[in-house]
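# Summary of the model geometry
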Amino acid sequence: MRHTISVLVENKFGVLSRVSGLFSGRGYNIESLSVGETIDPNISIMTIVTSGDDQVIEQITKQLNKLIDVIKVVDLTEVDHVEREMILIKVAPKREDKAEVLRLVEIFRGKVVDSSPQTYTIEITGDEKKIEAFVELMKAFNIKEFVRTGKIAIAREGVK
Amino acid sequence: MKRTGAQIVIECLKREGVKHIFGYPGGVVLGIFDLLYDDKDIQLVLTRHEQGAVHAADGYARSTGRPGVVLVTSGPGATNTVTGIATAYMDSIPVIVLTGQVPTKLIGNDAFQEADIVGITRPCTKHNYLVKDVKDLARIMKEAFHIATTGRPGPVLIDLPKDVLGDKTTFHCPDKVTIRGYNPKYEGNRWMIKQAANEIQKAKRPVIIAGGGVVHSDASKELKELAELTEIPVIMTLMGLGVFPGTHRLSLGMPGMHGSYYANKAIQESDLLIAVGIRFDDRVTGRISSFAPKAKIIHIDIDPSSIRKNVRVDVPIVGDAKRVLKVLVEMLKEGGKVQWEAVRKAWLKQIEKWKQERPLSYEFDENIIKPQFVVEKIYELTKGKAIISTEVGQNQMWTAQFYKFDRPRTLLTSGGLGTMGYGFPAAMGAQVAHPDKIVIDIAGDGSFQMNIQELATCVTYKLPVKVAILNNMYLGMVRQWQELFYAERYSYSHLDTVPDFVKVAEAYGAVGLRATKPSEVEPVIKEALKVKDLPVVMDFIVDWKEKVFPMVPAGGSLDEMIFGEEKKEKKKLRAVK
């Protein structure tokens, strides 16, 4: 099963390597990993999407907790949370398809962030399903390339 | 007054109570070596290889419980420590490794003798540091000792760039260490401990398995109390040997691949396993799916990730073995008067039957030295009071089987990583810590050659380490596997050219002795034990055909032990036909 794990870490050099090394060294998967500073510049947060059975996920959580530079590990899959990902996708549609592409961008509440005579570069934000649905639609319009940020996630403030 | 980084390193070591460092000099750490030149409080033991230095620090730590310290230079000096660090990491040994590094401005430039040792050792240290600013140095030194020695112990490496060692700052060493991501849990959950007590009260066929965690936690007393109170037999893993007296009526010795028949039987038939400070290594469990099939499992360990890593656990208790066992014993005592002896009678009788059925044994021969005989003689002549180290392979297993360890910290052996070449330098480190004790490395001819250069160190510092080589001219354990599982095809396991170890010893200025007949074994050991100021190499020419039994073939279940008689029986059968 897929899990989204949020890892609070000391913002020190080498931390990313400690975390990613733990995954590769023990044979765990990383499907995506994103990292950035938090409100406290000494602390960063990593959002890791991984998969495995319950025993593997338990080990991943425990092993992460063992790293000295890891402050806190939360398996967001177990709690209500919001997930977002962003994609930048460059397409080169035929002249007659351009209007259709723009219409789809609008439907997906995306933005055209760059254009050239042949191409549009489109920004879409959303959960994984939305991103994938958009990519699927764009396949008809000659995708040149795309980049994805990987998932970030945050727990919803609990209704107690 | 401002101090240099090098001065801060020395001052911090002194504050930690360090008396000995094992090391090897080189360009970028000369600043520290210069201070050690006339330092009165700290003695550096100059080994002949950096790997030897780390194993020595490891042996020092295992035999004392205090962290061992290593100081080496950058590049090759640092990379040579890696095997030693990985060895300490697998067995949770507190070792502080100080490595020199090229100046910060040159890092990443492929400078002379530059190696990314922090990157290289990240997966085999508990934590490591690259010091980029001399102002952080004192805090990092303090943290390193704290991390290495608390929780589940382990090696910590500090990489020291040359310029940082030369830079000056006001010395300020924090009194307390606070690391928000590191708070080991020592107290076990009382409710869980209560569950454990309940299970113990219900159990008919319980057995304790104690491991290295009991050594680190110094919990021998508590363990003995539990075992004697409840009349539960005690099995010890290789790392745990000595935490419970090997001569005790409740001791079943070691389980697993080369464990005793009765230890493995007890595990497979038990209805409750009380595992303390063990991590259920594959050499202990055999095939997981058929491990202890009838037992509930209580697992006490300070490392949460050890629990449920390999085996299912019914009562998990995260905490320090000493504290948890103490509470557990209290609870069992409060639980009312149980006639433990009566409750346990049938189970102990069954175990006694297994002990009679298949004791650990070998066939004595008058003409050729059996390696087990040498181990037995060493045990007898040292009255079980020596500190014993081993190399890895047959020598290690025979030692575990035939030397009865009665106290913790008297067996130094590379259990997790299985590092050949560990035993001799580890014995050397233990001898530095215990100058008046008898320290013996039980070795193989293959392993000893992997760090034989440390003879020079022992001669220099007048360290009377004894090396007992069980010389079979083979990589014996490899040969055993090839005989049993590879159709007797002895591919590259025969060491055709084994040096004359007596002459080698003498060339280094050490004492060399040899025994080729069983009758010579005792005189040689006695002679060796008389030597007080030089290392002694005892070359025992042993039966090369001898194998370690019982044996659970890799991946087999603990029920599937072989005893070495099968083949003989087959031959007999053939003769009858």
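Criteria and thresholds
Residues numbered from 1 in each chain as written. Chains lettered and ligands numbered in written order. Predicted model: local features only at pLDDT ≥ 70, side-chain atom pairs only at ≥ 80, totals over all residues. Heavy atoms only, no water. Helix = DSSP H or I, 4+ residues; strand = E, 2+ residues; numbered from the N terminus. Rg over C-alpha atoms; globule rule 2.2 N^0.38 Å. Buried < 20%, exposed > 50% of the residue type's maximum accessible area, 1.4 Å probe, protein only. Contact = heavy atoms within 4.5 Å. Areas by Shrake-Rupley, 256 points an atom, 1.4 Å probe, with all protein chains shown as cover. Axes fitted to C-alpha atoms, helices over the stretch in contact; angles between N-to-C directions. Left-handed = near helix turned anticlockwise from the far one by under 90°. Pairing = 2+ DSSP bridges. Patch = residues over 30% accessible without salt bridge, like charges linked within 9 Å, V, L, I, M, F, W, Y side chains within 5 Å. Salt bridge = Lys/Arg side-chain N within 4 Å of Asp/Glu carboxyl O. Lys, Arg positive; Asp, Glu negative; His and termini not counted. Charge placed at Lys NZ, Arg CZ, Asp CG, Glu CD. Buried area = accessible area lost by both parts, 1.4 Å probe. Polar contact = N/O pair within 3.5 Å; in protein donor to acceptor, adjacent residues only side chain to side chain. Nonpolar A, V, L, I, M, F, W, Y, C, P; charged D, E, K, R; others polar.

## Focus on the overall build of chain B
Across its full length, chain B carries 24 helices and 20 strands. For chain B, the C-alpha radius of gyration of 25 Å lies close to 25 Å, the compact-globule estimate for 577 residues. Taking all 577 residues of chain B together, 59% fall into the buried category. Looking at chain B alone, contacts between residues at least 24 apart form 76% of all its contacts between residues at least 6 apart. Total accessible area computed for chain B in this model is approximately 23,600 Å², and 52% of it derives from carbon and sulfur atoms.

## Focus: the packing of helix 12 (residues 261-269) of chain B against helix 15 (residues 340-357) of chain B
Residue and element names in this part refer to chain B. It is the contact of helix 12 with helix 15, at a shortest axis distance of 8 Å, that shows an interaxial angle of 145°. Both helix 12 and helix 15 take part in a crossing whose hand is right-handed. Contact with helix 12, carried on its side by Tyr-261, Tyr-262, Lys-265, Ala-266 and Glu-269, involves Trp-347, Ile-351, Trp-354, Lys-355 and Glu-357 of helix 15 and no other residues of that element.

## Some points on the pairing of strand 4 (residues 68-72) of chain B
All names here are of chain B. When you tally the buried positions in strand 4, you get 5 out of 5 residues, the bulk of the element. The side-chain alternation of strand 4 yields two buried faces, one formed by Gly-68, Val-70 and Val-72 and the other by Val-69 and Leu-71. Taken together, the 2 bridges between strand 2 (residues 20-23) and strand 4 define a ladder with parallel strand orientation. Bridge pairing links Phe-22 to Val-70 in strand 4.

## Some remarks on the sheet that holds strand 20 (residues 536-541) of chain B
Residues and elements named next belong to chain B. Reading across the sheet, the 6 strands line up as 16-15-17-18-20-19 and stay open at both edges, with parallel pairing between neighbours. Strands at the two margins of the open sheet, each flanked by one partner only, are strand 16 (411-412) and strand 19 (511-515). Taken together, the 6 bridges between strand 18 (residues 466-471) and strand 20 define a ladder with parallel strand orientation. Bridge pairing links Ile-469 to Asp-539 in strand 20. Strands in contact with helix 23 (residues 518-530) are strand 17 (439-444), strand 18, strand 19 and strand 20; relative to strand 19, the strand with the most contacts, it is inclined by about 165°.

## Considering a positive patch on the surface
All names here are of chain B. Taken together, the side chains of Lys-383, Lys-385, Arg-407 and Lys-437 make up a positively charged region of the molecular surface. As for its position among the elements, Arg-407 is in the loop between helix 17 (394-402) and strand 16. By relative accessible area, Arg-407 is classed as partly exposed at 35%.

## Here we look at the interface of chain B and chain A
Counting residues at the interface gives 19 residues for chain B and 20 residues for chain A. Overall, the association of chain B and chain A removes approximately 1,700 Å² of surface from exposure, summing both partners, and the carbon and sulfur fraction of that is 46%. Where Glu-10 of chain A meets Arg-180 of chain B, a salt bridge forms, and the shortest distance between an N and an O atom there is 2.7 Å. The interface formed by chain B and chain A holds 12 residue pairs in polar contact (both at pLDDT 80 or more) in total. Each residue belonging to the side of chain B that touches chain A can be placed in one class, and the counts come to 6 nonpolar, 5 polar and 8 charged.

## Considerations on the environment of Val-135 of chain A
All names here are of chain A. The residue Val-135 is located in helix 4 (residues 128-138) in this model. Take Val-135: its relative accessible area is 9%, and that puts it in the buried class. Sequence-wise, Val-135 and Ile-89 are 46 residues apart; in three dimensions their C-alpha atoms are separated by 8.1 Å. When near neighbours in sequence (up to four residues on either side) are disregarded, Val-135 contacts Ile-87, Ile-89, Ile-143 and Phe-146.

## A short note on the pattern of salt bridges
By the definition in use, this model includes 48 salt bridges over all chains. Ionic pairing is found between Asp-281 of chain B and Arg-279 of chain B, a salt bridge with its closest N-O pair at 3.6 Å. Overall, Asp-281 of chain B belongs to the buried group, its relative accessible area being 17%. Among the ionic contacts, a cluster of salt bridges with common partners joins Arg-2, Glu-31, Glu-83, Glu-128 and Lys-151 of chain A.

Bear in mind that shape data such as this cannot, by itself, settle questions of function.
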